[in-house]
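Chain by chain, the residues:
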Amino acid sequence: DHRMFKLDTARAAVFPGLMTYDYDALYRTTPDALGAPTPDLARFLEAALTPPARVLDIGCGQGHDALFLARLGHRVTGVDLSPAGIASLNDAARRDGLSVTGTVADVTAHTPSEAYDLLLFDRILHMLAARDRIATLLRLTPALVPGVSSPSSMNRVILQAISMRSAPLPLGKL
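The structure presented is a predicted model; accordingly, all values stated were derived computationally and were not measured.

Engineer: I would appreciate a short explanation of unusual backbone geometry in the present structure.
Structural biologist: Geometrically, the link from P51 to P52 is a cis peptide bond, its omega value of 0 degrees lying close to zero. Tracing the backbone shows P52 in the loop between helix 3 (39-48) and strand 1 (54-58). One non-glycine residue with positive phi stands out, namely D32, at about 50 degrees. Looking at the element boundaries, D32 is found in the loop between helix 2 (23-29) and helix 3.

Engineer: Just to check I follow, could you spell out the pattern of salt bridges for this structure?
Structural biologist: Note on pairing: side chains with opposite charge can pair once their charged atoms come close. In the structure shown here, the tally under the stated rule is eight salt bridges. With its nearest N and O atoms 2.3 Å apart, the salt bridge here joins R43 to D40. One end of the pair is R43 and the other is D40, both in helix 3 and three residues apart, which spans about a single turn. As a salt-bridge pair, D122 and R123 come within 2.9 Å of each other at their nearest N and O atoms. Residues joined by salt bridges that share partners form a network here, namely R71, R95 and D96.

Engineer: For this particular structure, what's the right way to read the packing of aromatic side chains?
Structural biologist: Two aromatic rings are characterised by how far apart their centres lie and by the angle between their planes. Tallied over the entire structure, the rule returns one aromatic pair. On the basis of an interplanar angle of 40 degrees and a centroid distance of 5.8 Å, the ring pair of Y23 and Y27 is categorised as tilted. Placement of the pair is Y23 and Y27 together in helix 2, with a separation of four residues, close to one helical turn. This pair shows no difference in class: Y23 is buried, exactly as Y27 is.

Reading guide: rules and limits
Residues numbered from 1 in each chain as written. Predicted model: local features only at pLDDT ≥ 70, side-chain atom pairs only at ≥ 80, totals over all residues. Heavy atoms only, no water. Helix = DSSP H or I, 4+ residues; strand = E, 2+ residues; numbered from the N terminus. Salt bridge = Lys/Arg side-chain N within 4 Å of Asp/Glu carboxyl O. Phe/Tyr/Trp six-rings, centres within 6.5 Å; stacked < 30°, edge-to-face > 60°. Buried < 20%, exposed > 50% of the residue type's maximum accessible area, 1.4 Å probe, protein only.

Shown next, in the form of structure tokens:
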């Protein structure tokens, strides 16, 4: 039951403006907590991304997207605030012999140390304070490899958001 992880007031006090849902507690107690990658996203990535691409998965959690991409032959770095999520990702990658590296970091402060062919933001931006969304995108997009000329080059930053009926995010106000 995910309701028991809804609000982490200590985290909200330390990281004002960041998500307050305690994903770390969820990941410690629930293997594969968020399930498989979104089918539409998985189909798109399979069709648009030619292996071996270098992918930065921002807010990767336990790595359902990162592991999926690595199984397709891509080299993936996952970044997430949750130590339990990253431990789960790294364990699965090691067990399956996949080219995935998980790093515990605050996505609003993380600066990549290498270049990537694709930045993946799957269901993470809505968890950031409005002022941090654009700043995060602006800080991370310079990590894209310049001058990529492939069919996937027009889709090098993938943003996927969940529907938030009570608080929709206008597209012009990332």
